[in-house]
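The lines below spell out each chain.
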Number of protein chains: 2
Amino acid sequence: MAQSRLAIEAVYPAVDGGRFAVKRSVGHPFEVWADVFCDGHDVIRAALAWRHETERGWHETPMRFHDNDRWVGRFELTETGRVEYTILAWRDLFASWRADTLKKLDAGQNIEVDLQIGRQIVADALAQAKGSNQRRLTDLVAEINAVIAAERAPVDLLLGDEALALMQAAGVRSNLTRHAPPLAAQVEREAAAFSAWYELMPRSQSGDPEVHGTFDDVIARLPYVRDLGFDVLYFPPIHPIGQTHRKGRNNSLEALPGDPGSPYAIGSEEGGHDAIHPELGSFEDFHRLVRAARDHGLEVALDFAIQCSPDHPWIKQHPEWFDWRPDGTIQYAENPPKKYEDIVNVHFYRDAVPTLWYELRDLVLFWIGHGVTIFRVDNPHTKPLPFWEWMIREVQVRHPEAVFLSEAFTKPKMMKRLAKVGFTQSYSYFTWRTTKQEFVDYLTELTQEECREVMRPNFFVNTPDINPRHLQTGGRPMFQARLVLAATLAGNWGMYNGFEICEAQAVPGKEEYLHSEKYEIRAWDFDAPGNIRWDIRQVNRIRRENPAFRHFTNLRFYNAWNDNILYYAKFTDDLSNFLLVFVNLDPHQAHECHFEVPLWEFGLPDQASIGATDLLEDQDFGLDGKVHHLRLDPQHRPYAIWRLHVPAMSPDTPA
Amino acid sequence: MAQSRLAIEAVYPAVDGGRFAVKRSVGHPFEVWADVFCDGHDVIRAALAWRHETERGWHETPMRFHDNDRWVGRFELTETGRVEYTILAWRDLFASWRADTLKKLDAGQNIEVDLQIGRQIVADALAQAKGSNQRRLTDLVAEINAVIAAERAPVDLLLGDEALALMQAAGVRSNLTRHAPPLAAQVEREAAAFSAWYELMPRSQSGDPEVHGTFDDVIARLPYVRDLGFDVLYFPPIHPIGQTHRKGRNNSLEALPGDPGSPYAIGSEEGGHDAIHPELGSFEDFHRLVRAARDHGLEVALDFAIQCSPDHPWIKQHPEWFDWRPDGTIQYAENPPKKYEDIVNVHFYRDAVPTLWYELRDLVLFWIGHGVTIFRVDNPHTKPLPFWEWMIREVQVRHPEAVFLSEAFTKPKMMKRLAKVGFTQSYSYFTWRTTKQEFVDYLTELTQEECREVMRPNFFVNTPDINPRHLQTGGRPMFQARLVLAATLAGNWGMYNGFEICEAQAVPGKEEYLHSEKYEIRAWDFDAPGNIRWDIRQVNRIRRENPAFRHFTNLRFYNAWNDNILYYAKFTDDLSNFLLVFVNLDPHQAHECHFEVPLWEFGLPDQASIGATDLLEDQDFGLDGKVHHLRLDPQHRPYAIWRLHVPAMSPDTPA
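Novice: Explanation requested: the packing of helix H6 (residues 215-227) of chain B against helix H7 (residues 283-295) of chain B in the structure shown.
Specialist: The angle between the axes and the distance between the axes are what describe a pair of packed helices. All names here are of chain B. Running from N to C, H6 and H7 point in directions that differ by 10 degrees, and their axes come no closer than 9 Å. In terms of their interaxial angle, H6 and H7 are classed as roughly parallel. Counting all contacts with H6, which are made through Phe215, Asp216, Val218, Ile219 and Leu222, the residues of H7 involved are Asp285, Phe286, Arg288, Leu289, Ala292 and Ala293. The residue makeup of the contact of H6 with H7, split by class, is eight nonpolar, no polar and three charged.

Novice: Can you walk me through the sheet that holds strand S16 (residues 374-378) of chain B in this structure?
Specialist: Sheet strands pair by backbone hydrogen bonding; their relative direction is either parallel or antiparallel. Residues and elements named next belong to chain B. Taken in spatial order, the eight strands line up as S18-S17-S16-S13-S12-S11-S20-S19 in an open sheet, and their pairing is parallel. In this open sheet, the two strands that pair with only one neighbour each are strand S18 (425-426) and strand S19 (458-460). Relative to strand S20 (residues 492-496), strand S11 (residues 195-199) runs parallel, the two being bridged by five bridges. Within the sheet, the bridge partner assigned to tryptophan 197 lies in S20 and is glycine 494. Contacts between H6 and the sheet are confined to S11 and strand S12 (232-235), with S12 contributing the most and set at about 140 degrees to the helix. The sheet strands contacting helix H9 (residues 355-369) are strand S13 (299-304), S16 and strand S17 (403-407), and the helix crosses S13 at an angle near 160 degrees.

Novice: Would you mind going over the relation of the copies chain B and chain A with me for this structure?
Specialist: A rotation about some axis, followed by a shift along it, carries one copy of the chain onto the other. Expressed as a screw operation, the relation of chain B to chain A combines 0.0 Å of axial shift with a rotation of 180 degrees, fitting to an RMSD of 0.1 Å. These values place the two chain copies in the arrangement generated by a two-fold rotation axis. For chain B, the smallest separation between a C-alpha atom and the rotation axis is recorded for Gly17(B), amounting to 3.0 Å. Counting the interface residues of chain B, we find that 100% of their copies in chain A are interface residues as well, pointing to one common contact surface.

Novice: What am I meant to see in the packing of helix H2 (residues 112-128) of chain B against helix H3 (residues 131-149) of chain B here?
Specialist: All names here are of chain B. The contact between H2 and H3 brings their axes to 9 Å, and the two run at 150 degrees. For the element pair H2 / H3, the angle class is roughly antiparallel. Considering only the axes of H2 and H3, their crossing is left-handed. Of the residues in H3, those in contact with Arg119, Val122, Ala125 and Leu126 of H2 are Gln134, Leu137, Thr138, Leu140, Val141, Ile144, Asn145 and Ile148. In the contact of H2 with H3, the residues fall into eight nonpolar, three polar and one charged.

Novice: Teacher, can you tell me more about the sheet that holds strand S25 (residues 609-614) of chain A here?
Specialist: Residues and elements named next belong to chain A. On the basis of which strands lie adjacent, the open sheet formed by six strands has the order S21-S22-S23-S28-S25-S26 and antiparallel pairing. One side of each edge strand has no neighbouring strand; the edge strands of this open sheet are strand S21 (555-557) and strand S26 (619-624). Neighbouring strand axes in the sheet, compared pairwise and without regard to direction, differ in orientation by 30 degrees on average. Both S21 and strand S22 (residues 565-571) contribute to a ladder of three bridges, which runs antiparallel. Bridging across to S22, phenylalanine 557 finds its partner in tyrosine 568. On top of the sheet, helix H13 (residues 469-489) reaches S21, S22, strand S23 (578-584) and strand S28 (639-645); it is set at about 30 degrees to S22, its chief contact.

Novice: For this particular structure, what's the right way to read unusual backbone geometry?
Specialist: With glycine set apart, most residues show a phi of negative sign, and most peptide bonds adopt trans. Cis geometry is found at the peptide bond from Val353(A) to Pro354(A), where omega equals 0 degrees. Mapped onto the secondary structure, Pro354(A) falls in the loop between strand S15 (338-344) and helix H9 (355-369). The backbone of Asp69(B) shows a phi angle near 65 degrees, a positive value even though the residue is not glycine. In this fold, Asp69(B) is placed in the loop between strand S6 (64-67) and strand S7 (70-76). The backbone of Asn175(B) sits at a positive phi, close to 50 degrees, despite the residue not being glycine. Here Asn175(B) lies in strand S9 (residues 174-178).

Novice: I'm lost on helix H2 (residues 112-128) of chain A in this one. Help?
Specialist: Structurally, the α-helix is built with 3.6 residues per turn, so residues lying three or four positions apart point the same way. With 17 residues, H2(A) should cover 24 Å at 1.5 Å per step; its first-to-last C-alpha distance of 26 Å lies within 8% of that length. Of the surrounding secondary structure, the elements contacted by the buried residues of H2(A) are helix H1 (93-106), helix H3 (131-149), helix H4 (155-159) and helix H5 (161-170) of chain A.

Novice: Would you mind going over the interface of chain B and chain A with me for this structure?
Specialist: By a frequent convention, interface size equals the accessible area lost on bringing the separate parts together. Of the residues lining the interface, 51 residues belong to chain B; the matching set on chain A comes to 51 residues. Between chain B and chain A the total buried area reaches about 4,500 Å² when both faces are included, carbon and sulfur atoms providing 60% of it. Ranking the residues of chain B by area buried against chain A places Met1(B), Pro336(B) and Lys413(B) at the top, with a combined share of 16%. Inspection of the region where chain B meets chain A yields 12 salt bridges. The partner of Arg417(B) in a salt bridge is Glu9(A), and the shortest N-O contact between them spans 2.9 Å. Counting every contact that joins chain B to chain A gives 16 residue pairs in polar contact (both at pLDDT 80 or more). Every element with two or more residues in the side of chain B that touches chain A is listed here: strand S1 (7-12), strand S3 (29-37), helix H1 (93-106), H2, helix H10 (385-398) and helix H11 (412-420) of chain B. It is H11(B) that contributes the most residues to the side of chain B that touches chain A, five residues altogether.

Novice: Help me out: how do you make sense of the pattern of salt bridges in this one?
Specialist: Side chains that carry opposite charge are capable of pairing whenever their charged atoms lie near each other. Going through the model one piece at a time under the given rule, you end up with 94 salt bridges over all chains. Across the pair Arg376(A) and Glu407(A) runs a salt bridge, and its minimum N-O distance is 3.7 Å. A residue pair is termed long-range when its members are at least 10 positions apart, and Arg376(A) in strand S16 (residues 374-378) and Glu407(A) in strand S17 (residues 403-407) qualify at 31 residues. Among the ionic pairs, Asp69(B) bridges to Lys411(A), the shortest N-O distance being 2.7 Å. Here Lys411(A) lies in the loop between S17 and helix H11 (412-420) and Asp69(B) lies in the loop between S6 and S7, a pairing that spans two chains. Overall, the relative accessible area of 3% leaves Asp69(B) in the buried class. On the basis of relative accessible area, Lys411(A) is assigned to the partly exposed category, the value being 43%.

Novice: Is there a simple way to think about the confidence of the model for chain A in this case?
Specialist: Any region with low pLDDT has predicted coordinates that should not be read closely. Of the residues in chain A, 99% reach a pLDDT of 70 or more, and the chain-wide mean stands at 96. Taken over the whole predicted complex, pTM reads 0.95, whereas the ipTM for its chain interfaces reads 0.95.

Novice: How should the packing of aromatic side chains be read in this particular structure?
Specialist: When we look at a pair of aromatic rings, we describe it by the centre distance and by the angle of the planes. One pass over the structure, following the stated rule, counts 92 aromatic pairs over all chains. For the pair Phe595(A) and Trp642(A), a centre-to-centre distance of 5.9 Å together with 65 degrees between the ring planes defines the contact as edge-to-face. Residue Phe595(A) is found in strand S24 (residues 591-596), and its partner Trp642(A) is found in strand S28; the two are separated by 47 residues along the sequence. Accessibility expressed as a relative area gives 7% for Trp642(A), which makes it buried. For the ring pair Tyr558(B) and Trp600(B), a centre distance of 5.6 Å and an interplane angle of 90 degrees mean the geometry is edge-to-face. Taken together, the residues Tyr558(B) in the loop between strand S21 (555-557) and strand S22 (565-571) and Trp600(B) in the loop between strand S24 (591-596) and strand S25 (609-614) connect sequence positions 42 residues apart. Trp600(B) sits in the partly exposed class, given a relative accessible area of 36%. By the ring-pair criterion, three or more aromatic residues cluster together here, those being Phe348(A), Tyr349(A), Trp357(A), Tyr358(A), Phe387(A), Trp388(A), Trp390(A) and Phe423(A). Directly above the ring of Phe430(B) sits Arg482(B), whose terminal nitrogen or CZ lies 4.4 Å from the centroid.

Novice: Please explain the pairing of strand S4 (residues 44-52) of chain A as it appears in this structure.
Specialist: For a regular strand, side-chain orientation follows a simple rule: the groups alternate between the two sheet faces. Residues and elements named next belong to chain A. Of all nine residues in S4, seven are buried; the element is thus mostly enclosed. Summarising the sheet, S4 and strand S8 (residues 81-91) pair through nine bridges and their orientation is antiparallel. Bridge pairing in S8 links isoleucine 44 to arginine 91. Sheet topology places S4 next to strand S5 (residues 59-62); four bridges connect them, and they run antiparallel. Across the sheet, tryptophan 50 pairs through a bridge with histidine 59, a residue of S5.

Novice: Help me understand the environment of Asp259(A), please; the structure alone is not making it clear to me.
Specialist: Residue and element names in this part refer to chain A. You can see aspartate 259 is positioned in the loop between strand S12 (232-235) and helix H7 (283-295). By relative accessible area, aspartate 259 is classed as buried at 6%. Sequence separation between aspartate 259 and tyrosine 519 is 260 residues; the distance between their C-alpha atoms is 7.3 Å. Apart from residues lying up to four places away in sequence, aspartate 259 is in contact with Arg246, Gly248 and Arg249.

Novice: Would you mind showing me how to read the side chain of Arg456(B) here?
Specialist: All names here are of chain B. Mapping arginine 456 onto the fold places it in the loop between helix H12 (436-448) and S19. In this structure the side chain of arginine 456 is engaged in a polar contact, spanning 2.8 Å, whose partner is the side chain of glutamate 188. Those residues in contact with arginine 456 that lie beyond four places of it in its chain are Lys23, Arg24, Ser25, Glu188, Ala192, Ala193, Thr424, Gln425, Ser426 and Asn492.

Novice: Where do I start with the environment of Arg24(B) in this structure?
Specialist: All names here are of chain B. Within the secondary structure, arginine 24 sits in strand S2 (residues 22-25). Not counting chain neighbours up to four residues away, the residues in contact with arginine 24 comprise Tyr12, Pro13, Phe30, Leu77, Gln186, Val187, Glu188, Glu453 and Arg456. At a separation of 2.8 Å, a polar atom in the side chain of arginine 24 contacts the side chain of glutamate 453.

Conventions adopted
Residues numbered from 1 in each chain as written. Chains lettered and ligands numbered in written order. Predicted model: local features only at pLDDT ≥ 70, side-chain atom pairs only at ≥ 80, totals over all residues. Heavy atoms only, no water. Axes fitted to C-alpha atoms, helices over the stretch in contact; angles between N-to-C directions. Helix = DSSP H or I, 4+ residues; strand = E, 2+ residues; numbered from the N terminus. Parallel < 35°, antiparallel > 145°, perpendicular 65-115°, else oblique. Contact = heavy atoms within 4.5 Å. Nonpolar A, V, L, I, M, F, W, Y, C, P; charged D, E, K, R; others polar. Pairing = 2+ DSSP bridges. Least-squares fit on C-alpha atoms with pLDDT ≥ 70 in both. Left-handed = near helix turned anticlockwise from the far one by under 90°. Expected span 1.5 Å × (residues − 1). Buried area = accessible area lost by both parts, 1.4 Å probe. Salt bridge = Lys/Arg side-chain N within 4 Å of Asp/Glu carboxyl O. Polar contact = N/O pair within 3.5 Å; in protein donor to acceptor, adjacent residues only side chain to side chain. Buried < 20%, exposed > 50% of the residue type's maximum accessible area, 1.4 Å probe, protein only. pLDDT = per-residue confidence, 0-100. Phe/Tyr/Trp six-rings, centres within 6.5 Å; stacked < 30°, edge-to-face > 60°. Lys NZ or Arg CZ within 6 Å of the ring centre and 35° of its normal.

Here's what the structure looks like:
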């Protein structure tokens, strides 16, 4: 009943009170805040304790009092994996005694008895001390005894800085209170938070729509993708494709002879999720591609789509993973009255526990064994949350480098929950946000609310499934604007090929591509006039060169007096890298605005001057005073990215 | 690993993720909200489950889908005590099957196999059903079988409303998920949230400063206190007062012969916390007072001050509860270099656990045995939080009617934590809030932030310890304004005698009363000219007659275009009782303002008319249109309280 005398409250970060791990990237400091207080007026201390999941013992670092009972501590995240952390707090009787005794001494009061009390506190510490603390305390006690034997008072010895430091290290931790249970942070590699994805269909890489592309064809494309500045190369499923109810071109129900089918209809007599579609190549070819990609600074990402064609080998091997109808037929996917007869879904409960769960985990481990550690997971919101939480953890314990992108376009709370249960990155609503207010609202939610601790959006400008209306109607300036928005607002961004040549031909009235590569092989002309490859190359370069773009949550919107112009800053914690981004959201018309240069962020007055570099033009200029004017013409370039030449600041300058 | 398929998140109310019980009053509905969702597209259901701590089984009521994955359920709080509550959620396979099958039927598809599936779901339900559900399901199955025997399809039977209702009651709860651990609400009697306190010193009730007052003298004052409309009569400690280092008048260090001493120096040869100061009377006299108070609609509240004079019997009986210095003397209270030699404090750990804790709990139970169930606890922030949490729970399990007021004037987080660990009511910063912005900020924090679930402020306008500067300088209009602010902003409010006659004579430069009753016996003339007894009587009457004042958190500030005029509404959940309060905060000058009548709260247009009653003048009038004008002259009356004649509204009108 007398436990936990000190209150430890409002610990930050913590998601759902510690139910889920927060996410962080390796190589950054980890800051933990908490309210810590106690009854009475004694001096208290707090410490931050942590350990990597592979360690038995705990590290410890003192927390510092901030203000209003709030304390802060930090340590460096040096390794990927799960880190546990918690907070300790205790009463420091020696420091309390010392402070009181010094006041009495100042007031000229007799402190003889107080010195005796102080000696007792030191003796109590010695009784429980070990190692060097024990030796140093033994020395201190001996010195005190010598002074007393000489009939002097050990005032300096007991009240000096040395005794205080020693007692802080070795003193008894009275009423030691521990925040329990410990909290957790999932520490991931930098690509978890900062990456640029390029999506292509390997089978479309032959350059001839009549010829099925191969992994070797993809190898030939690597210099192109790398030149654009991407670091992840992502393929839709590469597994054998079913024949039964195969879909034809433009999603028609009947495939014609020669139609390749949707790669999402996974599984045929040639194998399932652990096989490669034979026309793409062999495992050896795949390994060569993975290695070649790496040589080009690219990582291969695969699709993890847990669904089967009616020809998938699992159906015979594991009928218990599927739903069967009373007439003996297998249950196809359906959304009544619509039927999706080319797809059958596993269920995850009843006889599928645990064999299916193990199989799926082992599939991921299998592809990791083949050199793939990034997975884009198809429609995770239609599979059980406990499965993802279990599976991702199972994989990351073995491979903390594994990255899982949640391709969930669904209701907001489910999207956030998928991030909580462990998905490294998340698709987002970015693809459908178009107005200034929408960007401010959505990015404020993503960067300032609790979800920021777990959710790392990957802003895709398009996907094979989404040919958004603004791209269909906005033309080249809209492609440029979307590029800049995605690549500078989010740490992770991605595009599906065709975006660079402003491809937007749609199934009329829909957000679907006409002649979708999902149902046919295509050949692309990436040199087509009007392409925005220069812009992509520049923006990806600027991202790599400026660390501010690695900090998703360090985003601030500023005033630009025109609702068509979005204006924001990205910055590093120490403000040393400070970028301004301006985007004209209207692809049809030039817009101009007055805007404020955020001099106040650097403690500068409104009349100050600051230097800047236009990172697209690679041109330096000066900005005198706070308010300036800008014009963005979509026919020229609908965006600008500037780096401010940040003045030297003292470390205490408020950010 | 496969547990908890449904997500149950963001449960409201819950304090610190359920670590502490939320507080509620008996006789009100209890509403619980949560985000509930699941993978996939099946129909889900949620239920709110609860039980009183004295019950073994759980009650259950369905939750209703609100919006954006948010669900709500409610039940009535019919009994005081601790109530546990939690949320259940599950997939409803029958409802999902039914919805899909109806769509297929509408689309003219063959549903023969679907009907077989539906029959299987019903059969599964029957297999686990009990009681009347079992009987009704048996009947349903028999009817279905009869239809099939007649070679017809049981379409209507399976898809009808009756089957749906029956299956909702008896259906298998697939993937049943339970929010764990359960949350708790402490349900308290109405006086916990709605009370008006009057504080007096029994020893000052003889009418003669030379004569020590008695409990019988207090009995003679009861009609007066009741006439003012109070319901709690609170006394500072009534125990024997120590002689050693007794304080004299005006807190002087030397008591003169005849000085009565501070009642907070508890304990003498005549007894300690379980004894009555002999000059006040006997236990028999005290019982008579408690009964007489009750007959006047008043409850007696006592002070619970855990501190001792150097003469307290505990010091000899339980030396292990006290700190002793190496020279064999007892440790007095001190705040170096200041010494408080009239007070010694128990410590709560080491050898004081558990005997002191039991003793203190038993003391509270002792006074409950003598008819007192309301305790004002002195300086709880200087005693350990775990002690309060344990002690209050120990008492309230036996006596859920017990009320504990936390007299903590300290840092905000400690004040909130004391409310979390169980204090029924809390002293607040109200006493030092004076400007319009301060009131808006502080009341917004108290009524809108998480602390509103646990913290019930008791707004004291003054106390024997606090003679606030604004009362010293503001004169009668300030007393009137503070009365109205305290009594209408908070559910609980209180005053210490003298306030009604605008007593504010202070120790120069301090917020302390001159001739403080803490150190001397006084006689009061409550008929003194300029008294505000009429105002107190009216305001307490208006509070009792208008249920809106029982809802602390139902407070809304509105626009009054004058920074000296605070304007707000209090209202019941259904808006049927809707009050407007206007207070001129400047005691020296009349102020006037335009203000908005909140027609929009009732869905009325800006041009609408609404009736109102001035509750002080008991006068009806009409308000035409939204903007009106008001003048408040402190020389006449610096406040107004109106009740709006709320138009009849449909239950769905948004509040």
